[in-house]
Amino acid sequence: MACLFSGRVLIRNNSDQDELDTEAELSRRLENRLVLLFFGAGSCPKCQAFAPILRDFFVRLTDEFYVLRAAQLALVYVSQDSTEEQQDLFLRDMPKKWLFLPFEDDLRRDLGRRFSVERLPAVVVLKPSGDVLTLDAADEIRRLGPACFANWQEASEVLDRSFLLPEDLDDPAPRSLTEPLRRRKYRVDPAARGVRGRGRGGDPGQEGGAEGGSVGLF
């Protein structure tokens with residue numbers, strides 16, 4: 001998955017705006033995770049309405065206040081803002097674990113073309129392999145909330161790494177020495193391995209961006 005951003009810099013949405021600029025750092029944050037590419041813009045009213053929903057979705061899956069162990073999920077904001085100030089303002093109240101591309105990086109536009117983004121907001125879900133699981137999960141997230149992550153995880157066969165230490169470097173939580181190690185691989189019943197129709201409009205929970213607004217992105 002990190003290869004999608006190979007040679008690029010991703011920035012953490014924390015107060016220091018830490019840069020992930022090495023292959024090791026990118027791999028640590030992105031490998032063996034479902035990665036959400038969130039295409040949005042601060043000037044887009046529908047993005048403004050969707051952002052709190054996506055923020056709550058992400059926090060409830062990754063904040064250990066809500067879950068015993070953070071889900072193997074990463075989110076990269078792919079800004080379609082017209083100015084860096086708009087981008088910064090849009091990200092101001094978003095989770096610090098979100099990642100984003102520098103405003104001057106042309107990959108922001110290239111990714112939109114690569115994944116055929118035509119409306120905002122859009123959320124592309126990528127498997128750990130880098131393959132597309134769904135081209136736009138925005139409506140699924142609106143309808144199902146965090147529950148849809150389990151479906152994605154099963155379809156992607158994400159390796160369960162719940163036995164590892166927390167990956168947030170800011171304040172790693174202490175582990176009890178007596179806590180048993182849990183090492184198991186997420187297994188999928190072969191009968192359930194069928195490919196889900198996850199393209200735009202192909203998922204039962206997606207209406208092909210009907211909630212979004214048409215924009216001249218590229």
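Calculation criteria
Residues numbered from 1 in each chain as written. Predicted model: local features only at pLDDT ≥ 70, side-chain atom pairs only at ≥ 80, totals over all residues. Heavy atoms only, no water. Phe/Tyr/Trp six-rings, centres within 6.5 Å; stacked < 30°, edge-to-face > 60°. Buried < 20%, exposed > 50% of the residue type's maximum accessible area, 1.4 Å probe, protein only. Lys NZ or Arg CZ within 6 Å of the ring centre and 35° of its normal. Helix = DSSP H or I, 4+ residues; strand = E, 2+ residues; numbered from the N terminus. Expected span 1.5 Å × (residues − 1). Salt bridge = Lys/Arg side-chain N within 4 Å of Asp/Glu carboxyl O.

Draft legend 1. The arrangement of the packing of aromatic side chains in detail. Applying the stated criterion across every chain, the model contains eight aromatic pairs. Look at Phe 65 and Tyr 66: their rings are 5.1 Å apart centre to centre, the planes differ by 85°, and that puts the pair in the edge-to-face class. What makes Phe 65 exposed here is its relative accessible area of 69%. The exposure class assigned to Tyr 66 is partly exposed, which follows from its relative accessible area of 39%. Clustering of aromatic rings is evident, with ring pairs tying together Phe 38, Phe 50, Phe 58, Tyr 77, Phe 90 and Trp 98. Residue placement shows Arg 108 over the ring face of Phe 103; its charged tip is 4.3 Å from the ring centre.

Draft legend 2. Up close: helix α2 (residues 45–62). In this model, α2 (18 residues) spans 26 Å end to end at C-alpha, consistent with the 26 Å of a helix rising 1.5 Å per residue. Along α2, the residues that are buried comprise Cys 47, Phe 50, Ala 51, Leu 54, Phe 57, Phe 58, Leu 61 and Thr 62.

Draft legend 3. Seen up close, the pattern of salt bridges. With the rule as written, the count across this model stands at four salt bridges. Ionic pairing is found between Arg 8 and Asp 105, a salt bridge with its closest N-O pair at 2.6 Å. Within this pair, whereas Arg 8 is found in the segment before β1 (10–12), its partner Asp 105 is found in the loop between β5 (99–100) and α4 (107–114), the two being separated by 97 residues in sequence. Classification of Arg 8 as partly exposed rests on a relative accessible area of 30%. Here Asp 105 falls in the buried class, since its relative accessible area comes to 10%. Ionic pairing is found between Asp 110 and Arg 113, a salt bridge with its closest N-O pair at 2.5 Å. One end of the pair, Asp 110, and the other, Arg 113, are both in helix α4, three residues apart, so they sit about a helical turn from each other.

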